[in-house]
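# Geometric and topological summary
Here are the chains, one letter per residue:
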Amino acid sequence: MGNALAIAGGPRLTDREWPRWPQPGERALKSLEDVLTSGRWTISCAYQGRQSYERQFAEAFADYCRSALCVPVATGTAALAIALEACGVGAGDEVIVPGLTWVASASAVLGVNAVPVLVDVDPRTYCLDPAAVEAAITERTRAITVVHAYSAVADLDSLLDIAQRHGLPLIEDCAHAHGARYGDWPVGAFGTAGVFSMQGSKLLTCGEGGALVTDDADVANRAEHLRADGRVLRAGPVGVGEMELEETGRMMGSNACLSEFHAAVLLDQLALLDGQNARRVRAAEHLGGRLDEMGLAVQETSRGTTDRAYYRFAVRLPDEVLAVAPVDRIARALTAELGFAVMQTHRPLNDNPLHRPASRRRFATDTHHLERVDPARFDLPVAKRLYDSVVSFGHEVLLAPLDAVDDIARAFRKVLDNVRDIPR
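Read on for an overview of the structure. Everything numeric in this text was worked out from a predicted model, so none of it was measured.

## Overview of the layout of surface pockets
- Of the voids in this model, the largest pocket is the one considered here, and its volume is about 620 Å³.
- For the largest pocket, the lining is made up of 31 residues, of which Trp-102, His-176, Lys-202, Tyr-311 and His-346 are closest to its centre.
- Of all the elements in the fold, those that place two or more residues in the lining of the largest pocket are helix 3 (76-86), helix 4 (104-111) and strand 8 (193-197).
- When its residues are assigned to classes, the lining of the largest pocket shows 12 nonpolar, 14 polar and five charged.
- The calculated volume of the second largest pocket comes to roughly 400 Å³.
- Considering the residues around the second largest pocket, the lining is formed by 23 residues, among which Ala-81, Ser-107, Gly-111, Val-112 and Arg-362 are closest to the centre.
- For the lining of the second largest pocket, the secondary structure elements donating two or more residues are helix 3 and helix 4.

What follows is the structure, encoded as structure tokens:
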């Protein structure tokens, strides 16, 4: 029984405690207490005579991304929807969306009454395939969204070339890639706008939050209007007790402001990000070497990448192993050995139960529109193959010591050697 799989009744390979996430820094509690007693819990409350945490974070994150401007928002989904509208996308327009990504990449497009055009991904990087993007562009295309997925950076040189030749804004979704760099420059700063999620699982998190970065002052101004009910921050002096948000009437918006509590936590987390990323990279490179010796294919990144950010560590299983047991059973076997969740990739968006536009009346503007937004009309063979062959786990595991990372490699070895014993 010593080598029997844990999922089949044998002993677990390890009982160690793995790192938890999120991990607060030393300044978080003090900052939260400061907000609590400040008299201002959001930028839509009256000015209290000092710079808000929201403004402090906006300046710090713009600097971190080497972007001119940052507009913090309530969620990553809101950041993407706001970026699309700020770039001129609206009703009936088509937006290129990678077919292997979280559902918000498509639902944000639907939320501005546009049409997500699902495009297949590169089998090595799991990011948008530039050739597939080029083939999907029509006279109705108004934007390209690219997701730097899991632990890879997309081929930005090719995608920027396509966007520029067709006169389209490229919007970078960096929800998985805080701190990643391409050509020694931070991701998010290449496209017309870069958007980030700060949801609880992300590398930079405050529970729920987001941000848009850009060098385009007009895009940033429209984004400010869109996230604050048509209001923007005043350029001139503001007196104590006055509203810092000015009602310009230029553009109607909605409420997607980031609270002062969330901004305070983000300032704490931003100070920790680079050190945590460096630890993840060391662990990922160590584990990647061990898995390579077993013939396992770790997710690659594009050639222009100079710094990776590991949101999820992803491994593609060999066909001969998958012929014995499907990927979901292998993921469950690895989970049983290690005591943390090992999962498949996101389900492709053309066959994802979370992406069903017809289930909401707000998208049923007419029969023709429902046909255009039907995800089943797209064919995504590469995304499907990846979903059927890749296992992944969260970045917090990579904050463990290297001897713990060796346990992960041993678990893969144990499961692969005993793959026929995985119960159905």
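## Let's talk about unusual backbone geometry
- With an omega of 5°, the peptide bond between Trp-21 and Pro-22 qualifies as cis.
- For Pro-22, the position within the fold is in the segment before helix 1 (28-36).
- Phi is positive for Tyr-126, close to 65°, though the residue is something other than glycine.
- Mapped onto the secondary structure, Tyr-126 falls in the loop between strand 3 (115-119) and helix 5 (130-136).
- Of the residues examined, Tyr-126 reaches a relative accessible area of 2% and is grouped as buried.
- Even without being glycine, Asp-229 reaches a positive phi, approximately 55°.
- Along the chain, the position of Asp-229 falls in the loop between helix 7 (217-227) and strand 10 (231-233).

## A look at the packing of aromatic side chains
- Tallying each qualifying case throughout the model produces 10 aromatic pairs.
- Plain terms: the ring middles of Tyr-182 and Phe-190 are 5.6 Å apart, the flat faces sit at 90° to each other, and that makes the pair edge-to-face.
- Taking relative accessible area as the criterion, Phe-190 reaches 23% and is therefore assigned partly exposed.
- The positively charged end of Arg-16 is found above the aromatic ring belonging to Trp-18, 5.8 Å away from the centroid.

## Remarks on the packing of helix 3 against helix 4
- One way to put it is that helix 3 packs onto helix 4 with a least axis distance of 9 Å and a crossing angle of 45°. The angle between the axes of helix 3 and helix 4 places the two elements in the oblique class. Crossing of helix 3 over helix 4 shows right-handed handedness. When helix 3 is examined against helix 4, the residues Thr-77, Leu-80, Ala-81 and Leu-84 are found in contact with a partner set consisting of Ala-104, Ser-105, Ser-107, Ala-108 and Val-109.
- Across the contact of helix 3 with helix 4, the residue classes break down as six nonpolar, three polar and no charged.

## Considering the nonpolar core
- If you look at the biggest cluster of nonpolar residues, it comprises 96 residues, and the most contacted ones within it are Phe-57, Phe-61, Leu-84, Val-133, Ile-144 and Met-198.
- Apart from residues lying up to four places away in sequence, Met-198 is in contact with Phe-57, Phe-61, His-178, Leu-204, Thr-205, Cys-206, Gly-207, Glu-208, Gly-209, Gly-210, Ala-211 and Leu-266.

## Let's talk about the pattern of salt bridges
- Counted under the stated rule, the structure contains 21 salt bridges.
- Of the charged contacts, one joins Arg-40 and Glu-244 as a salt bridge, the two residues approaching to 2.7 Å between their closest N and O atoms. Taken together, the residues Arg-40 in the loop between helix 1 and helix 2 (53-64) and Glu-244 in the loop between strand 10 and strand 11 (245-247) connect sequence positions 204 residues apart.
- Across the salt bridge formed by Glu-94 and Arg-372, the nearest N and O atoms sit 3.4 Å from each other. Highlighted residues: Glu-94 in strand 2 (residues 94-98) and Arg-372 in helix 11 (residues 367-372), separated in sequence by 278 residues.
- Look at Glu-94 and you get buried, because its relative accessible area is 9%.
- On the basis of relative accessible area, Arg-372 is assigned to the buried category, the value being 10%.
- When salt bridges that share partners are traced, they join Arg-16, Asp-403, Asp-407 and Arg-410 into one network.

## Description of the environment of Asp-421
- With respect to the secondary-structure elements, Asp-421 resides in the segment after helix 13 (402-417).
- For the pair Asp-421 and Ala-264, spaced 157 residues apart in the sequence, the C-alpha separation amounts to 50 Å.
- Setting aside residues up to four positions removed in sequence, Asp-421 forms contacts with Leu-5 and Ala-8.

Calculation rules
- Residues numbered from 1 in each chain as written.
- Predicted model: local features only at pLDDT ≥ 70, side-chain atom pairs only at ≥ 80, totals over all residues.
- Heavy atoms only, no water.
- 1 Å grid on protein atoms, 1.4 Å probe; cavity = no way out; pocket = protein on both sides within 12 Å on 5 of 7 lines; lining within 4 Å.
- Points joined across faces, edges and corners; volume = space filled by probe spheres on them.
- Helix = DSSP H or I, 4+ residues; strand = E, 2+ residues; numbered from the N terminus.
- Nonpolar A, V, L, I, M, F, W, Y, C, P; charged D, E, K, R; others polar.
- Buried < 20%, exposed > 50% of the residue type's maximum accessible area, 1.4 Å probe, protein only.
- Phe/Tyr/Trp six-rings, centres within 6.5 Å; stacked < 30°, edge-to-face > 60°.
- Lys NZ or Arg CZ within 6 Å of the ring centre and 35° of its normal.
- Axes fitted to C-alpha atoms, helices over the stretch in contact; angles between N-to-C directions.
- Parallel < 35°, antiparallel > 145°, perpendicular 65-115°, else oblique.
- Left-handed = near helix turned anticlockwise from the far one by under 90°.
- Contact = heavy atoms within 4.5 Å.
- Core = buried A, V, L, I, M, F, W, Y, C linked by side-chain atoms within 4.5 Å.
- Salt bridge = Lys/Arg side-chain N within 4 Å of Asp/Glu carboxyl O.

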